[in-house]
Amino acid sequence: MPDLWQDAMDHAVTLARKAGEIVRNALQNDLKIMCKSSSVDLVTKTDQNVEELIITSVKEKFPGHSFIGEESVAAGEPCVLTENPTWIVDPVDGTTNFVHGYPFVAISIGFAVNKMLEFGVVYSCIEDKMYTARKGKGAFCNGQPLQVSDQKEINQSIIATEFGSNRDPHAVDKIFSSMRKILCLPVHGIRGVGSAAINMCLVASGCVEAYYEIGIHCWDVAAAAVIVSEAGGVLMDVEGGPMDLMSRRVLAANNNIIGERIIKEIEAFSAVRDDEP
Ligand code: IPD
C-alpha cells in the first residue's frame, strides 16, 4: 500500500536541509537577537525567516494542512492540535546555542494526523546529522538505523536534561533537586546539549539512556518523539503515564525500567500548557 504521508516526509527533509543552510550561513553574520517571554528566552531573525520559509513552502505544496510553529505562536497564532494533518515546527531548536555559536542547533519538523504523530525530522545542522523516522518504519541518522541503548541499570546510565529558560527560583530549586537526586543514584553522568530535539535524538542513538525536561514546548519534542519511539525507546510524562504533547513535560528513555526509575527522583511541577488559551 502506498504511504500516504511519504511525500510530506520527503518534503520535510528537503526543507530541513534548506533551513540548515540558512542557519549555518547566519552563523557567519551578525545576529539580531530579540527576547520573548524573558531576557533568557531568545529569538533571532533567523528563527523567524526559517519558519516563514517552511510554512510558505508547505502551504504551497499541501494547501489543506495546518501548522503549529514556535514563532507563529509567539506572534499570536493559536497552538491547537486538531485532527487535520498538522506540521509542528521549531525552526531553530537551540536558539541560545545558535546565538552563542555553541554547535548544537536543530531544525525540528514533526507531523501529526488525527492527533497522532506520523513522522519526525530533526536536522542537527552544524553536525550535519539528519535524523528521520516514519511511524512503523524505524529511525535513522544520515540513513543509518538507530537503536536505543539496552542498558537496564540506572547506575550505568547517562541522563540528559536541561535548565530551560524558567528562572523562577522555586522551579529552579526543583530542577536542581531532581538533578542532585539523579546524580547521586549514582548515574555515570548528567548531560545536556542545549537542544531538546538533539537530546532526544541522542537517546534514540543509544549514547544517552534518558532525557527529561519540564518547560519544553510541543515543537521542541514532536519530531524527536517519533525518532525515539521508532528507535525502540519509550515516551512518558515526568510523573508517569503517557506523554502529553501539550503539557510541556517530557521523559524519553531507552526502556520503561530506566524511565520509571528516574520518575521516582524527579520533583515534578506544572507549566502553563501549550494549548491553554
Ligand atoms: C529550547 C531548547 C532547550 C530547552 C528549552 C527549549 P528553543 O528550545 O530545546 O534545550 O531547554 O526548554 O525551549 O527555544 O531553542 O527552540
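Please read these numbers as outputs of a predicted model, since none were measured by experiment.

## Side note on the pairing of strand β10 (residues 158-161)
Sheet analysis places β10 next to strand β11 (residues 189-191), joined by 3 bridges and oriented parallel. The residue bridging A160 from the neighbouring strand is R191, located in β11. The handedness of the β10 to β11 crossover, carried by helix α5 (residues 169-183), is right-handed. With 3 bridges joining them, β10 and strand β12 (residues 210-214) adopt parallel strand pairing. Its bridge partner lying in β12, I159 is registered against A210.

## Points about the state of the cysteines
The full count for this structure, using the stated rule, is 0 disulfides. The thiol of C218 is not disulfide-bonded; the next cysteine sulfur, from C79, is found 3.9 Å away. Taking relative accessible area as the criterion, C218 reaches 0% and is therefore assigned buried.

## Side note on the sheet that holds strand β4 (residues 86-93)
Strand order in the open sheet formed by 7 strands is β3-β4-β5-β6-β7-β8-β9, and the pairing between neighbours is mixed. Since the sheet does not close on itself, it has two edges, and those belong to β3 (66-69) and β9 (144-145), each with one partner. Docked against the sheet, helix α1 (residues 6-27) engages β4, β5 (106-113), β6 (116-124) and β7 (129-134), running at close to 30 degrees with respect to β6.

## Focus on the packing of aromatic side chains
Considering all chains together, one arrives at 7 aromatic pairs under this definition. Plain terms: the ring middles of W87 and F111 are 5.5 Å apart, the flat faces sit at 75 degrees to each other, and that makes the pair edge-to-face. Highlighted residues: W87 in strand β4 and F111 in strand β5, separated in sequence by 24 residues. The exposure class of W87 is buried, given its relative accessible area of 0%. Centre to centre, the rings of F163 and F176 are 5.2 Å apart; their planes meet at 45 degrees, and the pair counts as tilted. Taken together, the positions of F163 in the loop between β10 and α5 and F176 in helix α5 put the pair 13 residues apart, joining distant regions of the chain. Judged by its relative accessible area of 46%, F176 falls in the partly exposed class.

## Concerning the domain arrangement of the protein
Where interface size is given, it is often the accessible area lost as the parts come together that is meant. Per the domain assignment, the segments making up the protein are domain 1 (6-145) and domain 2 (154-263). Of note, the centres of domain 1 and domain 2, computed from C-alpha atoms alone, are 20 Å apart. Taken together, the contacts link 39 residues of domain 1 with 24 residues of domain 2. Taken together, the two surfaces of domain 1 and domain 2 that pack against each other cover about 2200 Å², and 72% of this comes from carbon and sulfur. When the area that domain 1 buries against domain 2 is broken down by residue, the three leading residues are D93, L117 and Y131, summing to 24%. Applying the counting rule to domain 1 against domain 2 returns 0 salt bridges. Summed over the shared surface of domain 1 and domain 2, the result is 8 residue pairs in polar contact (both at pLDDT 80 or more). For the side of domain 1 that touches domain 2, the secondary-structure elements that each account for two or more residues are β3, α3 (70-74), β4, β5, β6 and β7.

## Here we look at the packing of helix α6 (residues 196-205) against helix α7 (residues 218-230)
Two elements in contact, α6 and α7, have axes whose closest approach is 8 Å; the angle formed by their N-to-C orientations is 5 degrees. The orientation of α6 with respect to α7, classified from their angle, is roughly parallel. Judged by residue contacts, A196, A197, M200, C201 and A204 of α6 engage D220, V221, A224, A225, I227 and V228 from α7. The class makeup of the residues in the contact of α6 with α7 is 10 nonpolar, no polar and 1 charged.

## So, the site of the ligand
For the ligand, the set of nearby residues contains 14 residues, the closest of which are D90, D93, G94, T95 and E213. Between the ligand and G94 there is a distance of 2.7 Å, counted from an oxygen atom to a backbone nitrogen or oxygen. When the free accessible area of the ligand is taken as 370 Å², the share hidden by the protein chains comes to 90%. Here the shell around the ligand gets 3 residues from one element, more than from any other, and that element is β4. Grouping the amino acids of the shell around the ligand by side-chain chemistry returns 3 nonpolar, 5 polar and 6 charged.

Rules used throughout
- Residues numbered from 1 in each chain as written.
- Predicted model: local features only at pLDDT ≥ 70, side-chain atom pairs only at ≥ 80, totals over all residues.
- Heavy atoms only, no water.
- Pairing = 2+ DSSP bridges.
- Helix = DSSP H or I, 4+ residues; strand = E, 2+ residues; numbered from the N terminus.
- Right-handed = clockwise from strand over helix to strand, strands pointing away.
- Disulfide = S-S within 2.5 Å.
- Buried < 20%, exposed > 50% of the residue type's maximum accessible area, 1.4 Å probe, protein only.
- Contact = heavy atoms within 4.5 Å.
- Axes fitted to C-alpha atoms, helices over the stretch in contact; angles between N-to-C directions.
- Phe/Tyr/Trp six-rings, centres within 6.5 Å; stacked < 30°, edge-to-face > 60°.
- Domains from an automatic or database assignment.
- Buried area = accessible area lost by both parts, 1.4 Å probe.
- Salt bridge = Lys/Arg side-chain N within 4 Å of Asp/Glu carboxyl O.
- Polar contact = N/O pair within 3.5 Å; in protein donor to acceptor, adjacent residues only side chain to side chain.
- Parallel < 35°, antiparallel > 145°, perpendicular 65-115°, else oblique.
- Nonpolar A, V, L, I, M, F, W, Y, C, P; charged D, E, K, R; others polar.
- Near = heavy atom within 4 Å.
- Areas by Shrake-Rupley, 256 points an atom, 1.4 Å probe, with all protein chains shown as cover.

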